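Single-letter residue listing:
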Amino acid sequence: MKRIIVVGNGMVGYKFCEKLRKQGVAAEVIVYGEEPRPAYDRVHLSSFFSGKTAEDLLMAPASWYEEHHIVLHTGELVTEIDRQQKTITTHTGKTDRYDYLVLATGSSPFVPNVKGVERDGVFVYRTIEDLNQIIDYGKKVSRAAVLGGGLLGLEAGKALVDLGLETHIVEFAPRLMPRQLDEQGSVILQHKLSQLGIVVHLNKSTKEIAGNGKLDGLEFVDGSFLPIEMLVISAGIRPRDEVAKGCGLEVHPRGGVVVNDFLQTNDENIFAIGEVAVHSNMVYGLVAPGYEMADIVVRQIAGDFSKTFQGFDMSTKLKLMGVDVGSFGDALGETPGCIPIAFQDKHNGVYKRINISADGKHLLGGILVGDAKQYNLFHQMAANKMPLPAQPESLIIGAPGKGEEGAGVKNLPDSAQICACENITKGDLVFQITEKGVKTLDDLKRSTKACTGCGGCTPMVNDILKITLESLGHTVKKSICEHFDYTRQELYDIVKIKNIKTYDALLDSHGKGDGCEVCKPLVASVLASVWNELIVSQATIQDTNDRFLANIQRGGTYSVVPRIAGGEITPQKLMAIGRIAEKYGLYTKITGGQRIDMFGARVDQLPEIWEELIDEGFESGHAYGKALRTIKSCVGSTWCRYGVQDSVSFAIFIEDRYKGLRAPHKLKGAVSGCIRECAEAQSKDFGIIATEKGWNLYVCGNGGSRPQHAKLLVTDVDTDTCVKLVDRFLMFYIRTADPLTRTATWLNKMEGGLEYLRDVIVNDSLGIGEALEKEMAELIANYACEWKKVVEDPALRAQFKHFINEDSTDSTLSFVEMRGQKCPPDWNKK
């Protein structure tokens, strides 16, 4: 059995192993990686700053290597290759032999030879260890810069913004992303970044990283000076070819191991793939070409020499700090005779450019900034030389004319590459759907691995799935269950238009059967969303939390969460909570939503506890419902010397305005008094950040297991406009989202994405803005504290007991003491 050693355990090294095992190649595989952990996803490294952990980023856990009979050595740097003996040696002195050696050592950050680069506060942006150092140092400073305005530099800039630092981007070239964008595209991107508070400095050649021990700033050749406290260098990459040089392999004068079309080095037993390889004088700094190289080497080891590496399309689409940017084919129009056509919308920050052939028949390439939803289609049109419509400009300025719709997904050839990361074609996807019976996007991802890399192909994969299913005669519809052949959105409209107020009435008129645990709570939620009436007025259709207006906890007790709008509370109310918690023996905890939860209440105690809370002036906090939870705030201009607006007053106003609002999922908001963002507004369903001129409104963010930053909807609007837009946004979400869908997922699935949402909410493109505001006003007017109604209604109050036929309490409840309070016993220790 052949013995294969892989040097380097990055994304490409891992992909080589995965493809090798998938091919069923019988070989011993040993991997040496110098980092202390298995391969992780460097493409999404910036998500580490917005909450993802090193574990979340792993390509596969260490157990995956064991399960696939791959020996993984982490923290082991290969320092020497003996080509005669076919052995490697590591920095710890370990030696190993190989039949084939695969160099996947990747690259290291290029650090320019600038005076002062060794100062404290200067970092590179490459590994998780680098990120940990940046995070630690970032806690001590407030102003930082990134040296480099390319792809990686802007990613690093996003990381600094996520750390809450004043962020500057310094670029030597006269434009951002000089390899992907032209001047107009760069201007639009720069304007977009400025709206996020990022300052871009172009045409800047750094003379010295100034300081005395730690850095004080950047001194430029033109004599200007930028005061900063931290610098992240992201000025390019250099192939990690030192071990190849040492053993006499041919390296390129500018670095990198030279390979042929088979990815072989000048030693036929040694291959190089990924960023360490130089093919036809080109180093590919993206992951997709590395995956392609891995596939070709695996094929050769398996005895298949039919495929060779012939270069790779460097088209790319990415989201930079919430801004969509796409660059494909001949983006800069360097083909002789090509004709550029450009569209620019400075107001909305959109720039589109397509370059067409001299005869006007084919699309050669283009640039998309601010709106890149057409990227996948344009990319495939260029790659497959699909014919252009008679009026090519219609591709970027409006709908094509009659008879010219032939440029859609349907017309892509089967050979069109849809997922560049995994090299999946349209034909591969269609085969899985038509021949293997795949019917969902998740199943299509599992069977092909499409969408599992950068994820940029997901919209097009989804389109192909829908179109192919429809061509097979399937109806692509999202009915909620067997009892209602409608979507949530359709049920919402039926309830509203038909003035239906009960579950039974809806089931009788538009459903069938007796209902189930899926449709009952969903209809309860819809009824509450449409009418904002007491959710417990209809018994037995709610889930447990809504039925008892409290969250059931481990051990069978419930939590009590009064509303503390904006996190502001008087000493008297604090003492009231303390008195009530002590009286009923409740565990108390301050939450991330800036309020106080009380845990450990029996169900029969809930009305008594709430009666006392209501007497003290509290209301329900709706912590149990798919409803507005909290509006978090910082102290704002009232107390903070950096605050520019009164964030607390605005947060209290917003929370009181939308309290009790029922939705497809829970809603959270926040108001920050300045760009430092202490209230973390960009992690909420809607977040408001004060500016010198008014408020910036962000939408569709969330924390949780899949955190996502909110998107900037509008900037510098006055208070009334901000409230009006939040009204519209929330009502549009309530009307149209699928069940149990957070706003972030709702936006991710929305055709047209943020631009479409902005058109509807801000530009009122559907003409429903006034109707949305009116519906919101009706819901607000109909608000009443649910717990106050229960406390005052003996019949409702009687529903809160453990046994339906007697008043005994639950004798199985038990608690243990922890730090002076009670807690349920640890189930794992039973």
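If you're wondering where the values come from, they're calculated on a predicted model, not measured in any experiment. (Residues numbered from 1 in each chain as written. Predicted model: local features only at pLDDT ≥ 70, side-chain atom pairs only at ≥ 80, totals over all residues. Heavy atoms only, no water.)

Observations concerning helix H19 (residues 606-615)
Since the α-helix packs 3.6 residues into each turn, any two residues three or four apart lie on the same face. To be explicit about the condition: Residue exposure (1.4 Å probe, protein chains only): buried if accessible area is under 20% of the type maximum, exposed if over 50%, otherwise partly exposed. Every helix listed is a DSSP run of H or I at least four residues long, and every strand listed is a run of E at least two residues long, numbered separately from the N terminus. Whether two residues touch is decided by their heavy atoms; if any such pair falls within 4.5 Å, the residues are in contact.
With seven of its 10 residues buried, H19 lies for the most part within the structure. All of the buried residues in H19 are Leu606, Pro607, Ile609, Trp610, Glu612, Leu613 and Ile614. Where H19 is buried, its residues touch strand S28 (558-560), helix H18 (571-584), strand S30 (596-601), helix H26 (786-792) and helix H27 (794-797). Two residues or fewer past H19, Gly617 is found with a positive phi of approximately 95°.

Side note on the domain arrangement of the chain
Spelled out, the test is: Boundaries between domains were set according to an automatic or database domain assignment. Note on terms: buried area is the combined drop in 1.4 Å-probe accessible area of two parts once they are placed together, counting the loss on both. Any Lys or Arg side-chain nitrogen located within 4 Å of an Asp or Glu carboxyl oxygen qualifies as a salt bridge. Under this grouping Gly is polar, as are all residues other than the nonpolar Ala, Val, Leu, Ile, Met, Phe, Trp, Tyr, Cys and Pro and the charged Asp, Glu, Lys and Arg.
According to the domain assignment, the chain contains domain 1 (2-106 + 240-302), domain 2 (109-238), domain 3 (488-543), domain 4 (544-625 + 789-795 + 805-829) and domain 5 (627-784). Relative to domain 5, the C-alpha centre of domain 4 lies at a distance of 28 Å. Listed per partner, the contact involves 18 residues of domain 4 and 18 residues of domain 5. With both chains or domains summed, domain 4 and domain 5 bury close to 1400 Å², and 44% of this area falls on carbon and sulfur atoms. Its largest share of buried area at the contact with domain 5, domain 4 owes to Arg563, Gly566 and His622, together 34% of the area lost on that side. Counting across the domain 4 and domain 5 interface gives three salt bridges. Broken down by class, the residue content of the side of domain 4 that touches domain 5 amounts to four nonpolar, eight polar and six charged.

Regarding the environment of Gln432
With respect to the helices, strands and loops of the structure, Gln432 is situated in helix H11 (residues 426-435). For Gln432, a relative accessible area of 15% translates into the label buried. Measuring from C-alpha to C-alpha, the distance between Gln432 and Gly121 comes to 51 Å, with 311 residues separating the pair along the chain. What Gln432 contacts, discounting residues up to four positions off in sequence, is Gly437, Val438, Leu444, Ser447 and Thr448.

Digging into the pattern of salt bridges
Under the defined criterion, the tally for this structure stands at 42 salt bridges. As a salt-bridge pair, Arg119 and Glu208 come within 3.8 Å of each other at their nearest N and O atoms. Within this pair, whereas Arg119 is found in the loop between strand S8 (107-109) and strand S9 (122-124), its partner Glu208 is found in strand S13 (residues 206-212), the two being separated by 89 residues in sequence. Judged by its relative accessible area of 14%, Arg119 is buried. Linking Asp295 and Arg299 is a salt bridge whose minimum nitrogen-to-oxygen distance equals 2.9 Å. Taken together, the positions of Asp295 and Arg299, both in helix H8 (residues 287-301) and four residues apart, correspond to about one turn of that helix. Among the residues examined, Arg299 registers a relative accessible area of 23% and is labelled partly exposed. Several salt bridges share partner residues, and in doing so they unite Glu292, Asp295, Arg299, Asp304 and Lys307 into one network.

With respect to the pairing of strand S23 (residues 339-345)
Counted only if it meets this: Pairing between two strands requires that DSSP report at least two bridges joining them.
When S23 meets strand S24 (residues 350-356), the two strands line up antiparallel, connected through seven bridges. Across the sheet, residue Ile339 finds its bridge partner in S24, namely Ile356. If you look at the hairpin formed by S23 and S24, you'll find four residues sitting between the two strands, and Gly349 has a positive phi there, around 70°.

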